Amino acid sequence: MPLRLRLIPAVLFAAAASSALAETIGVAPGQPLQAVLDRAQDGDVIAVAAGEHPGAITIARRLTIAGEPGAILAGNGAGTVIKVTAPDVVIRGLTIKNSGRDLQTMDSGIFLEQSAERALVENNRLQGNLFGVYVHGATGSRVQGNVIEGLRDIRLAEAGNGVSVWNAPEVTIADNTFRYGRDGIFTITSKNDRFINNRFENVRFAVHYMYTNDSEVSGNLSIGNHAGFAIMYSNRLTIRGNVSDRDRDYGLLFNYANYAAIEGNRVSGGSLANIGNGRDEGSDDEKGMLPEAKPAQAGSSQDGPQKCVFIYNANHNKFRDNWFERCGIGIHFTAGSEGNEITGNAFIGNRNQVKYVGTRNLDWSKGGRGNYWSDNPAFDLDGDGIADTAYRPNDLVDRVLWTAPSAKVLINSPAVQVLRWAQSQFPALYPGGVIDTHPLIAPPPKPSATRGQP
């Protein structure tokens, strides 16, 4: 018999024996948890009883640590509460709190080392930690069903993220609730990740992408944050079915983001009063954010977002069937963005539907289908769902106001009204800009997120 065939039964027997030897080990408050972990074998289940247990601990074997209702693992305010170095570890049902506050050492509630592949972190409550979960190269890990609340008594520049992902492919972050801290999810230098059905409140950016490719952001809900979904320096993403509700500055931001499919998302504006997005001392000093106005203060009467979508040097993306409503600007499109398809979207009640910084003519329609514009007074005499005349969101007066905002005092003057009338009668007077040659008479269905609604 070939050697490899003789080895198969032996391997199966060893796996069965290991499973048979696995046991459930209870840990009562006051019992040294690290000593129990050190004696445990692969496959064991560590059942942590209700009550407070001291951290910090290191999990160096393939095992499950599961908390009974009321089980708390509390750090001592220094370092990480749970560090995982073994693969296939499960952490479930614990309240994990009180990590250190050192950004350089990445102090976390749970820190997954690169060797902690396929970790599962589910149904925990992480609160008062600098970083909630840090996935530091742990390929194939899942973070799901947790409540992650960051630090509140700290400047945003000094806070950590709910979940940070570094160089960790095939990671899934799903069905979590994020509050406080810096960013909800921050990812850098990764690929093939999925962030789905999460809820974000009182953070800076709900989802912050940097150098992460071939990934998905779907079904998430961002409420009252500085920005909803900031996508930077990343390629071939799917951004689908997300909702940004009254985020302060941007609903969606794309900076050097290319070949993405942005479909069925909703950005809705409204009053920023009574939502907690004014926290911090100043604007977001973040590469790619390009702040243009002072941040709103909590309880102010200002509406947000300033921009439903900001597209900056982002190329070959497809914006389809999205809903952009009640923002200062529906889409701000600038800085050499090329080859983008913008069709089937609804622009409803924005103070300015489009701000386009450029001189070329851009047709935002494709295959005989454009977008819906709430301020378009056109008719559809043939009943095909397409307006009978083209729509231009901007004119020469808009361009003057962008370059000389003080000219707003003349906006209602007879001379300006005559100029706008003349442009409507003689389209050759229009400057280069966005034109929708096949605007829709009715908007697409209004998207909603999977993860609860405001």
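Just so it is clear, the structure is predicted and the values come from calculations on it, not from any experiment.

Student: Honestly, the overall build of the protein in this entry has me stumped. Any pointers?
Tutor: Within the protein one finds 4 helices and 42 strands. When the 454 residues of the protein are sorted by exposure, 53% land in the buried category. In the protein, 50% of the contacts between residues at least 6 apart in sequence involve partners at least 24 apart. Split by element, the accessible area of the protein, about 19,400 Å² in all, is 53% carbon and sulfur.

Student: Honestly, the environment of R39 in this entry has me stumped. Any pointers?
Tutor: Mapped onto the elements of the fold, R39 is located in helix α2 (residues 33–39). R39 gets classed as exposed once you look at its relative accessible area, which sits at 59%. Considered as a pair, R39 and R61 are 22 residues apart in the sequence and their alpha carbons are 9.8 Å apart.

Student: Is there a simple way to think about the environment of F324 in this case?
Tutor: Secondary-structure assignment places F324 in strand β35 (residues 323–325). On the basis of relative accessibility, which here comes to 0%, the residue F324 falls in the buried class. C-alpha separation for the pair F324 and W373, spaced 49 residues apart in sequence, amounts to 10.0 Å. Apart from residues lying up to four places away in sequence, F324 is in contact with L252, V267, C308, V309, I331, N345, A346, F347, I348 and N350.

Student: Which parts of the structure should I look at to understand the pairing of strand β33 (residues 307–312)?
Tutor: It is a general feature of regular strands that their side chains alternate between the two faces of the sheet. Of all 6 residues in β33, 5 are buried; the element is thus mostly enclosed. Here strand β28 (residues 250–255) runs beside β33; their pairing, made up of 5 bridges, is parallel. Residue pairing for β33: F254 is matched across the bridge by I311. Of the strand pairs in this sheet, β33 and strand β36 (residues 329–334) are connected by 5 bridges, and their pairing is parallel. By the bridge assignment, K307 is partnered in β36 with I329.

Student: Help me out: how do you make sense of the sheet that holds strand β39 (residues 352–356) in this one?
Tutor: Strands in a sheet are paired, the pairing made by backbone hydrogen bonds, and the direction either parallel or antiparallel. Strand order in the open sheet formed by 12 strands is β4-β7-β10-β13-β16-β19-β22-β25-β28-β33-β36-β39, and the pairing between neighbours is parallel. Looking at strand neighbours, the two that pair on one side only are β4 (57–59) and β39, the edges of this open sheet. Averaged over all neighbouring strand pairs, the angle between strand axes comes to 10°, with direction disregarded. Pairing of strand β10 (residues 108–112) with strand β13 (residues 131–136) involves 4 bridges; the strand directions are parallel. Looking at the pairing, L112 lines up with V135 of β13.

Student: In this structure, what is going on with the packing of aromatic side chains? I would like to understand it.
Tutor: Given two aromatic rings, one states the distance between the centres and the angle between the planes to describe the pair. The full count for this structure, using the stated rule, is 15 aromatic pairs. Relative to Y233, the ring of Y211 lies with its centre 5.1 Å away and its plane at 15°, an arrangement referred to as stacked. Placement of the pair is Y211 in strand β22 (residues 205–213) and Y233 in the loop between β25 (227–232) and β26 (238–240), with a sequence separation of 22 residues. With a relative accessible area of 16%, Y233 lands in the buried category. Considering the side-chain rings of W373 and Y391, the 4.7 Å spacing of their centres and the 20° angle between planes classify their relative orientation as stacked.

Student: Quick question: what am I supposed to make of the nonpolar core here?
Tutor: As a rule of thumb, nonpolar side chains are buried together in soluble globular proteins. One finds I46, I82, I91, V133, V135, F254 and W364 to be the most contacted residues of the largest nonpolar core, which totals 75 residues. When sequence neighbours within four positions are dropped, the list of residues in contact with I91 reads I59, I65, I82, V84, I96, I110, L120, V121, E122 and N124. A227, A230, Y233 and F310 belong to the second-largest nonpolar core, a separate cluster that totals 10 residues.

Student: Is there a simple way to think about the pairing of β22 in this case?
Tutor: By the criterion of burial, β22 is predominantly enclosed, with 7 of the 9 residues buried. Bridge analysis of strand β19 (residues 185–191) against β22 gives 6 bridges, and the strand direction is parallel. When the bridges of β22 are listed, I188 appears paired with M210. Note that β22 and β25 share 5 bridges and pair parallel. Note that in β25 the partner of F205 across the bridge is A227.

Calculation criteria
- Residues numbered from 1 in each chain as written.
- Predicted model: local features only at pLDDT ≥ 70, side-chain atom pairs only at ≥ 80, totals over all residues.
- Heavy atoms only, no water.
- Helix = DSSP H or I, 4+ residues; strand = E, 2+ residues; numbered from the N terminus.
- Buried < 20%, exposed > 50% of the residue type's maximum accessible area, 1.4 Å probe, protein only.
- Contact = heavy atoms within 4.5 Å.
- Areas by Shrake-Rupley, 256 points an atom, 1.4 Å probe, with all protein chains shown as cover.
- Pairing = 2+ DSSP bridges.
- Axes fitted to C-alpha atoms, helices over the stretch in contact; angles between N-to-C directions.
- Phe/Tyr/Trp six-rings, centres within 6.5 Å; stacked < 30°, edge-to-face > 60°.
- Core = buried A, V, L, I, M, F, W, Y, C linked by side-chain atoms within 4.5 Å.

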